[in-house]
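Working through the structure, step by step
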Amino acid sequence: MSGHDDTQSDRHATQVVQAGRRLEWTGGIVNPPVWRASTILYDNIAEMRERGSADTHHKLYYGRRGTPTQWSLADALTELEPGAEATLLYPSGVAAITTALLAVLSPGDEVLLPDSSYEPTRGFGNTMLRRLGITATYYDPLIGAGIAALCTERTKAILMESPGSLTFEVQDVPAIVAAAKARGIVTLLDNTWAGPLLFPAIEKGIDYTILSCSKYVVGHSDVMMGSVTAAPGHYEKLRAATYQLGLCASPDDAYLASRGLRTMEVRLRQSGASGLRIAEWLKTRPEVARVLHPALPDCPGHDAFVRDFRGCAGLFSFVLNGGDDAARTALIDGLRHFGIGFSWGGYESLAIPADPQRIRTASRWQAEGPMIRLYVGLEDTGDLIADLEAGLARFAAARG
């Protein structure tokens with residue numbers, strides 16, 4: 001796997017503890033207080049008019065524009081992205097993705113989306129963008145510099161997701177960014193899997209980096225939140241779209257996300273290490289045909305992972321050796337330590353069936369059997385392996 005030296009780890013551990021805790025946001029308290037507000041009161045009409053005609057970023061104006069509780073979290077996420085200008089918060093990861101796309105696209109434009117896109121992203125491209133007269137064209141996530149051949153005068157944005165949802169192809173982000181910049185095309189990255197600690201997207205040339213903060217930032221499976229961090233020169237367009245759509249994150253949710261952020265580095269490190277150990281164990285099992293984990297040499301795009309990433313997260317998939325959905329269900333339903341549920345990034349491990357062949361259009365998905373996506377949380381790794389071992393025995397029995 002990629003080298004992740006102790007110096008870098010220590011720097012990140014310090015950053016996530018200290019980022020966003022400016023005295024003006026905290027008032028000297030360790031955690032930023034929760035400022036709940038809709039109405040902001042002014043001393044007089046002149047002040048109200050002056051405030052309304054100026055830039056309201058980091059200034060109390062109306063509750064939808066934020067309070068120090070939200071600004072603290074947004075500042076922290078910006079600090080974790082070297083070279084970034086600013087961050088905005090959203091009520092979900094999907095809201096962050098869709099708003100970023102709407103900020104940069106107009107009727108008649110085209111956006112290139114990876115064939116491994118998160119399914120709600122794909123749904124947005126196929127429905128709402130289409131109704132707005134915007135074409136969503138899908139590309140093989142491993143296309144790399146070859147994406148230049150797909151770009152036309154109508155191509156205004158390229159979205160990447162690396163590793164890809166369910167199948168975990170690692171994209172050659174620098175090559176795609178270079179092709180985009182040569183043509184004046186905006187680049188966006190759904191960076192939820194790695195986040196800024198493992199893949200500093202703005203530093204790599206991305207214009208907008210997007211997180212579902214519901215995952216590792218929050219870390220406790222109790223808040224929906226997204227974020228978009230913009231490179232210099234791209235923030236104002238994002239802010240305008242966000243304000244016009246009336247999007248905001250609640251101060252209570254921002255507080256919980258800020259609290260989760262403080263332990264993100266240590267949780268991410270533990271989850272990633274446990275996940276890799278389990279992935280390597282699954283590779284030895286005869287019931288498993290393939291393990292799709294970016295840190296494993298046979299994962300598509302592994303060379304880009306080694307070159308560009310600072311470590312790995314705890315989310316990956318594996319393909320079963322034969323069998324059908326019923327046999328896969330027998331494996332998952334009987335698990336004791338893996339919950340069955342969407343999302344990931346919390347302290348608890350999860351397992352869900354994954355069927356990418358239903359939605360692929362630009363690149364064909366073929367597998368030796370049904371697939372399972374695992375998220376490895378903070379439980380004892382030995383307990384999780386024993387649980388999966390019993391599950392594989394159920395699978396083998398059901399497969400016959």
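Structure's up top.
Attention here is on the structure that accompanies the text. (Residues numbered from 1 in each chain as written. Predicted model: local features only at pLDDT ≥ 70, side-chain atom pairs only at ≥ 80, totals over all residues. Heavy atoms only, no water.)

Notes on the pattern of salt bridges
As enumerated under the stated definition, the model contains 18 salt bridges in all. Between Arg51 and Glu47 there is a salt bridge; the shortest N-O distance is 2.5 Å. Of this pair, Arg51 and Glu47 both sit in helix α3 (residues 45-53), 4 residues apart, roughly one helical turn. Residue Glu389 is joined to Arg285 by a salt bridge in which the shortest nitrogen-to-oxygen separation is 3.3 Å. Here Glu389 is found in helix α15 (residues 381-399), whereas its partner Arg285 is found in the loop between α12 (264-283) and β8 (288-292), with 104 residues between them in sequence. Judged by relative accessible area, which is 38%, Glu389 ranks as partly exposed. Three or more residues are tied together by salt bridges with common partners; here these are Arg22, Glu24 and Asp75. (Salt bridge = Lys/Arg side-chain N within 4 Å of Asp/Glu carboxyl O. Helix = DSSP H or I, 4+ residues; strand = E, 2+ residues; numbered from the N terminus. Buried < 20%, exposed > 50% of the residue type's maximum accessible area, 1.4 Å probe, protein only.)

Brief notes about the sheet that holds β8
Within the open sheet, the 5 strands sit side by side as β8-β9-β12-β11-β10. Their pairing is mixed. Each end of this open sheet is capped by a strand with a single partner; those strands are β8 and β10 (338-339). Of the strand pairs in this sheet, strand β11 (residues 349-354) and strand β12 (residues 371-375) are connected by 5 bridges, and their pairing is antiparallel. Bridge assignment links Leu350 to a residue of β12, and that residue is Tyr375. Across the sheet, helix α14 (residues 325-333) is in contact with β9 (315-320), β11 and β12; its angle to β11 comes to roughly 170 degrees. (Pairing = 2+ DSSP bridges. Contact = heavy atoms within 4.5 Å. Axes fitted to C-alpha atoms, helices over the stretch in contact; angles between N-to-C directions.)

A short note on the sheet that holds strand β7 (residues 226-230)
Read from one edge of the open sheet, 7 strands run β1-β7-β6-β5-β4-β2-β3, paired in mixed fashion. In the strand order of this sheet, the two ends are held by β1 (86-90) and β3 (135-139), each with one partner. The sheet shows a mean angle of 20 degrees between the axes of neighbouring strands, direction not considered. With 5 bridges joining them, strand β4 (residues 155-161) and strand β5 (residues 186-190) adopt parallel strand pairing. Looking across to β5, one finds that Met160 is bridged to Leu189. Set on the sheet, helix α8 (residues 173-182) makes contact with β3, β4 and β5; between it and β4 the angle comes to about 175 degrees. Here helix α10 (residues 235-245) sits on the sheet in contact with β1, β6 (208-212) and β7, set at roughly 20 degrees to β1.

What to know about unusual backbone geometry
For the bond from Ser162 to Pro163, the omega torsion is -5 degrees, close enough to zero to count as cis. Its location among the elements puts Pro163 in the loop between β4 and α8. Despite not being glycine, Ser343 has its phi angle at roughly 70 degrees, a positive value. Examined against the element boundaries, Ser343 turns out to sit in the loop between β10 and β11. Of the residues examined, Ser343 reaches a relative accessible area of 29% and is grouped as partly exposed.

Focus on the side chain of Ser349
If you trace the backbone, Ser349 turns up in strand β11. Using a relative accessible area of 1% as the deciding quantity, one classes Ser349 as buried. A polar atom in the side chain of Ser349 sits 2.7 Å from the side chain of Glu379. (Polar contact = N/O pair within 3.5 Å; in protein donor to acceptor, adjacent residues only side chain to side chain.)

Describing helix α6 (residues 119-126)
Residues of α6 that are buried include every one of Thr121, Arg122, Phe124 and Gly125, and no others. Seen from one end, α6 has its buried residues packed into an arc of 160 degrees, which puts them on one side. In this structure, the buried residues of α6 make contact with α5 (93-104), β2 (110-114), α7 (128-131), β3 and β4. (Arc of directions from axis to C-beta.)

A word on the environment of Ile206
Summarising the element assignment, Ile206 is placed in the loop between α9 (195-198) and β6. The buried category is assigned to Ile206, whose relative accessible area is 1%. Sequence-wise, Ile206 and Gly275 are 69 residues apart; in three dimensions their C-alpha atoms are separated by 27 Å.

Structural notes on the state of the cysteines
The tally for this structure, following the rule as stated, stands at 0 disulfides. In this model Cys248 remains outside any disulfide bridge; the closest cysteine sulfur is found in Cys213, 15 Å from its own. The cysteine Cys299 is free of any disulfide, with Cys312 supplying the nearest cysteine sulfur at 11 Å. Exposure remark for Cys299: the relative accessible area of 3% places this residue in the buried category. (Disulfide = S-S within 2.5 Å.)

Some remarks on the environment of Ser212
Looking at the secondary structure, you find Ser212 in strand β6. Residue classification places Ser212 among the buried residues on the basis of a relative accessible area of 11%. Sequence separation of Ser212 and Pro232 is 20 residues, and the distance between their C-alpha atoms is 21 Å. Beyond its immediate sequence surroundings of up to four residues, Ser212 is in contact with Gly93, Thr192, Met225 and Gly226.

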